[in-house]
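Structure at a glance
The lines below spell out each chain.
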Amino acid sequence: MDPISFQPELKVCAVSLARVVTEQPADVPSRAPEPAVRETGQAVPGPVAALAGLFGLAELTPPVLAGHERQYLAGFLAGLSDAPPAGTAVPILPSHAPIDPSHALWINGALAGAFSRIAAPALVPQPTDVPETPVRELIVLWASQTGNAEEFAAASARRLAGTGRKARLVDMADCTPAALPAEADLLVISSTFGDGEAPDNGAAFWEALAEPGAPRLDGVRYAVLAFGDSSYDDFCGHGRQLDRRLEELGAVRLAPRADCEPDDQERALSWLDQVLATLAETTPAPAVPLDPSTSPRKAAPFTATLSGNRLLSLPGSAKEVRQFTFDTGGELAYQAGDALGVMPVNSADLVMEWLAVTGLSPVDNVELTGLGSLPLGEALHRHLDITKITPGLLKFVAERTRNRDLSRLLRPGNKGELAKWTWSRQAIDVIAELPVRAGAQEWLGVLKRLQPRLYSISSSPLTSPDEIRLTISVVRFDNLRGRPRTGACSAYLADNPERAQVPVYVQHTTHFRPPSDPGTPMVMIGPGTGVAPFLGFLDERRALGHHGRNWLFFGEQRRATDFYYRDELTEMHDDGLLTRLDLAFSRDQRAKVYVQDRMREHGAQLWAWLQDGAHVYVCGDAGRMAKDVDQTLHDITARYGGLSPDDAAAYVKQLAASKRYVRDVY
């Protein structure tokens, strides 16, 4: 305070600035903006320099790219050179490109600057009495747990663009029902997680949509494509919920919902064709086929060499857990957090047993959709799942045998009893106990196609650019008659000879990535083989020189036999890469201890890490572990954050919405 005027020495006021145009005196030359300078010291052309000055960009310096980023970008630009974008199309890096997000922003901006052009309109007289047709925004809204729905959504957006329709591809995690435009055409493509639940990135959208006070969607037109696994009772349950709720809120269907298995591309494409026909109304859209290479199940797999098969579990363990290494020669791009799809074949012994039980000949020709005519033996070996017990198989056997016990188990309300009955059985055991006489082609109508198995990748391309590692629990058990049974894919890998050639492909993820910020703390919860992706996360953070703290919760049955990667994790802990390593071996004491119990023991510290901005990652069993960990996170938030249950739920929900709480569960 000034002692004489009694006025404050510092006064504050709010001002508003507006740009005005003034005439430049004739004798005063206008000052040209200082040219922006690239890293090379070369001046940027005048108009661009003016824009750079306007936005306060003194330098247009490209980011410094890592070796793997440069390699990927070189291939990307080579592809652009071979196949330049048509018309005014602007190439962008795909979301799964192995490039740091901040670097990708710069690269996509440069691509937009180089390719984004608006063609000058043709000087053709337009009639003045024709009313303008309002343009409806076209949105492809997706939710996906393993990437199948996401990839088909992206392929659908490209197909729509090829017909001249601009579609906006939207992650359901980044959308709310209230944000949907009033006059929108909405294509909803979603998988179902587990038995009727929403995928993680679609959970918040569904909660908002299901609320009694959800906004009306009058004026919105929509179509739903649902992906799911028919071995679950509530097949495509989440897609059916979305379809029903959108109708309840006043939206109008563009086309009936389609329910698809992950490999049912024919049905999915038929749904898209029907949507396109409705959008086109009386004007047929040009036929633009979906590029098979963009479809997750039609992608031509890469043939990798199985170069490593390391047993991780020790003698005396109840499990057989192995690390498999695939030599890719650096030709298969991936990122830490991605999954590897492995395409197995059925063992020759199982095929012969199936043929013996059914009384069929391996040389009988059968017709398989997409493959034409081929011998039954080859179809059973390479293309059909003859291990999995499906509802369709059980219904077929019950109808043909008229077995009262099986028919009773298939009635509603007997789910628990049916689960007990199918335990320790595979499909071959069902038809061996309840023989069915059917023709070869009839069986092809019952059996599902043999699906690739997805496994979390245990490596990082920054440290292992030429190979991909997996951590897999091999399935082996005896059926009720003491006959050995194995998992279709895990045993296929475990029993393969050294240097075997295995068809694989990378299933990219969108959000399951280590933090991009070097200082962000990271909490990883991965019991059993759920530890797999976190080995890659830690390798990546070390390679990048990130200084953020890292905390791993790992658990299994017994420390002596089931401490997978004991040496590697202990070394990481000793050298400080792992700030904390908390272990839970459930069978080493009378009272079982799990990772969620360790979380509770250290709840105060975990809450402090969350307050410091930590990202939380969960990988492993979705049936029980993931739910228990989620509840524990809610409880810790309520107790140590001093929050009510509702406020704690809102806090955890916000963690998920901001991509600070992500899961890779199965």
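Residues numbered from 1 in each chain as written. Predicted model: local features only at pLDDT ≥ 70, side-chain atom pairs only at ≥ 80, totals over all residues. Heavy atoms only, no water.

Once that is clear, we can look at the overall build of the protein chain. Helix and strand content of the protein chain: 22 helices and 21 strands. Looking at the protein chain residue by residue over its 666 residues, the buried ones come to 46%. Restricting to contacts in the protein chain with at least 6 residues of sequence separation, those with at least 24 account for 74%. When the accessible surface of the protein chain is split by element, carbon and sulfur atoms take 54% of a total near 34,500 Å². (Helix = DSSP H or I, 4+ residues; strand = E, 2+ residues; numbered from the N terminus. Buried < 20%, exposed > 50% of the residue type's maximum accessible area, 1.4 Å probe, protein only. Contact = heavy atoms within 4.5 Å. Areas by Shrake-Rupley, 256 points an atom, 1.4 Å probe, with all protein chains shown as cover.)

Formed by 35 residues in total, the largest nonpolar core has its most connected members in W354, L376, L380, V397 and W443. Listed by contribution, the elements that provide at least two residues to this core are helix 8 (348-358), strand 10 (365-368), helix 9 (376-383), helix 10 (391-401), helix 11 (404-409), helix 12 (415-422), helix 13 (427-433) and helix 14 (440-444). In terms of residue count, helix 10 provides more of this core than any other element does, five residues in total. Setting aside anything within four residues of it in sequence, one finds V397 in contact with R402, L406, V430, I431, L434 and V436. Membership of the second largest hydrophobic core comes to 26 residues, among which are F512, L535, L552 and F585. (Core = buried A, V, L, I, M, F, W, Y, C linked by side-chain atoms within 4.5 Å.)

Here the focus is the side chain of R245. By the secondary structure assignment, R245 is in helix 6 (residues 237-248). For R245, a relative accessible area of 15% puts it in the buried group. When neighbours within four sequence positions are excluded, R245 is seen to be in contact with W206, L209, A210, E211, P212 and A214.

Take the packing of aromatic side chains next. According to the stated counting rule, one finds 15 aromatic pairs in the structure shown. When the ring of W354 is compared with that of W443, the centres are 5.6 Å apart and the planes differ by 75 degrees; the resulting orientation is edge-to-face. Of this pair, W354 sits in helix 8 while W443 sits in helix 14, placing them 89 residues apart in sequence. An aromatic cluster is present here, built from F512, F534, F537 and Y617 joined pairwise through their rings. Positioned above the aromatic ring of W421, the side-chain terminus of R425 is 4.2 Å from the ring centre. Sitting over the ring of W609, R549 keeps its end group 4.4 Å from the ring centre. (Phe/Tyr/Trp six-rings, centres within 6.5 Å; stacked < 30°, edge-to-face > 60°. Lys NZ or Arg CZ within 6 Å of the ring centre and 35° of its normal.)

Here we take up helix 4 (residues 148-162). With 15 residues, helix 4 should reach 21 Å at 1.5 Å per residue; the first-to-last C-alpha distance of 21 Å fits that figure. Burial runs high along helix 4: eleven of the 15 residues are buried. Buried residues along helix 4 sit in contact with strand 1 (137-143), strand 2 (167-171), strand 3 (184-191), strand 4 (221-227), helix 7 (265-280) and strand 16 (501-507). Immediately beyond the C-terminal end of helix 4, within one or two residues, lies G164, with a positive phi of roughly 90 degrees. (Expected span 1.5 Å × (residues − 1).)

Summed over the entire model, instances satisfying the criterion amount to 39 salt bridges. Residue D635 is joined to R600 by a salt bridge in which the shortest nitrogen-to-oxygen separation is 3.0 Å. Placement of D635 in helix 21 (residues 625-641) and of R600 in helix 19 (residues 595-601) is noted, with a sequence separation of 35 residues between them. On the basis of relative accessibility, which here comes to 38%, the residue R600 falls in the partly exposed class. Between D628 and R624 there is a salt bridge whose closest N-O contact spans 3.6 Å. Classification of D628 by relative accessible area gives partly exposed; the value is 27%. Taken together, the shared-partner salt bridges in this structure form one network comprising D243, E247, R253, R257 and D259. (Salt bridge = Lys/Arg side-chain N within 4 Å of Asp/Glu carboxyl O.)

On to the pairing of strand 4, then. Among the seven residues of strand 4, six are classified as buried, and the element is accordingly described as predominantly covered. With seven bridges connecting them, strand 3 and strand 4 associate as parallel partners. Bridge assignment links D185 to a residue of strand 4, and that residue is R221. Chirality of the crossover, the property in question, places the unit of strand 3, helix 5 (residues 203-210) and strand 4 among those that are right-handed. The pairing of strand 4 with strand 5 (residues 252-253) spans two bridges and is parallel. Residue R221 lies in a different strand from strand 5, and its bridge partner there is V252. In this fold, strand 4 hands off to helix 6, which returns the chain to strand 5; that crossover is right-handed. (Pairing = 2+ DSSP bridges. Right-handed = clockwise from strand over helix to strand, strands pointing away.)

In this section: unusual backbone geometry. At C236, a residue that is not glycine, the phi angle is positive and equals roughly 55 degrees. In this structure, C236 sits in the loop between strand 4 and helix 6. Notably, R499 is not glycine yet its phi reads approximately 70 degrees, a positive angle. Taking relative accessible area as the criterion, R499 reaches 46% and is therefore assigned partly exposed.

Turning next to the environment of A112. Residue position: A112 is located in helix 3 (residues 101-115). For the pair formed by A112 and I92, sequence separation is 20 residues and the distance between their alpha carbons is 7.9 Å.

Okay, the environment of W423 next. Tracing the sequence through the fold places W423 in the loop between helix 12 and helix 13. W423 sits in the exposed class, given a relative accessible area of 68%. Separated by 56 residues in the primary sequence, W423 and N479 place their C-alpha atoms 8.7 Å from one another.

Next up on the list: the packing of helix 4 against helix 7. Interaxial distance between helix 4 and helix 7 falls to 12 Å at its minimum, and their mutual angle equals 35 degrees. Considering only the axes of helix 4 and helix 7, their crossing is right-handed. Along its contact with helix 4, which presents F152, S156, R159 and L160, the element helix 7 presents Q265, A268, L269, L272, D273, L276 and L279. Residue composition of the contact of helix 4 with helix 7, grouped by class: seven nonpolar, two polar and two charged. (Axes fitted to C-alpha atoms, helices over the stretch in contact; angles between N-to-C directions. Left-handed = near helix turned anticlockwise from the far one by under 90°. Nonpolar A, V, L, I, M, F, W, Y, C, P; charged D, E, K, R; others polar.)

Moving on, we come to the sheet that holds strand 7 (residues 302-311). Strands sit in the order 12-9-16-7-8-13 across an open sheet of six strands; the sheet is antiparallel. Edge positions in the sheet fall to strand 12 (453-456) and strand 13 (467-473), since each has one partner strand and no second. Across the sheet, the axes of successive neighbouring strands diverge by a mean angle of 40 degrees, strand direction being ignored. Relative to strand 16, strand 9 (residues 339-342) is paired through four bridges, and the arrangement is antiparallel. In the strand pairing of strand 16, A339 is matched with Q507.

This part covers the packing of helix 5 against helix 6. The interhelical angle for the contact between helix 5 and helix 6, taken along N-to-C directions, is 35 degrees, at an axis separation of 11 Å. Where helix 5 crosses over helix 6, the handedness of that crossing is left-handed. For the pair helix 5 and helix 6, contact is made by F205, W206, L209 and A210 and by H238, Q241, L242, R245 and L246, respectively. Looking at the contact of helix 5 with helix 6, its residues break down into six nonpolar, two polar and one charged.

Here we take up the sheet that holds strand 19 (residues 580-585). Either a parallel or an antiparallel arrangement is found when strands of a sheet pair, and the pairing is made through backbone hydrogen bonds. With respect to topology, five strands assemble into an open sheet ordered 19-18-17-20-21, the strand pairing being parallel. The sheet is open, and its two borders are formed by strand 19 and strand 21 (661-665), each paired with just one other strand. Each strand axis lies, on average, 10 degrees off the axis of its neighbour in the sheet, ignoring direction. Sheet analysis places strand 18 (residues 550-556) next to strand 19, joined by six bridges and oriented parallel. Bridged to F554 within strand 19 is L583. Its contacts with the sheet put helix 16 (residues 532-544) on strand 17 (522-525), strand 18 and strand 20 (615-620), and the angle it makes with strand 17 is roughly 160 degrees.

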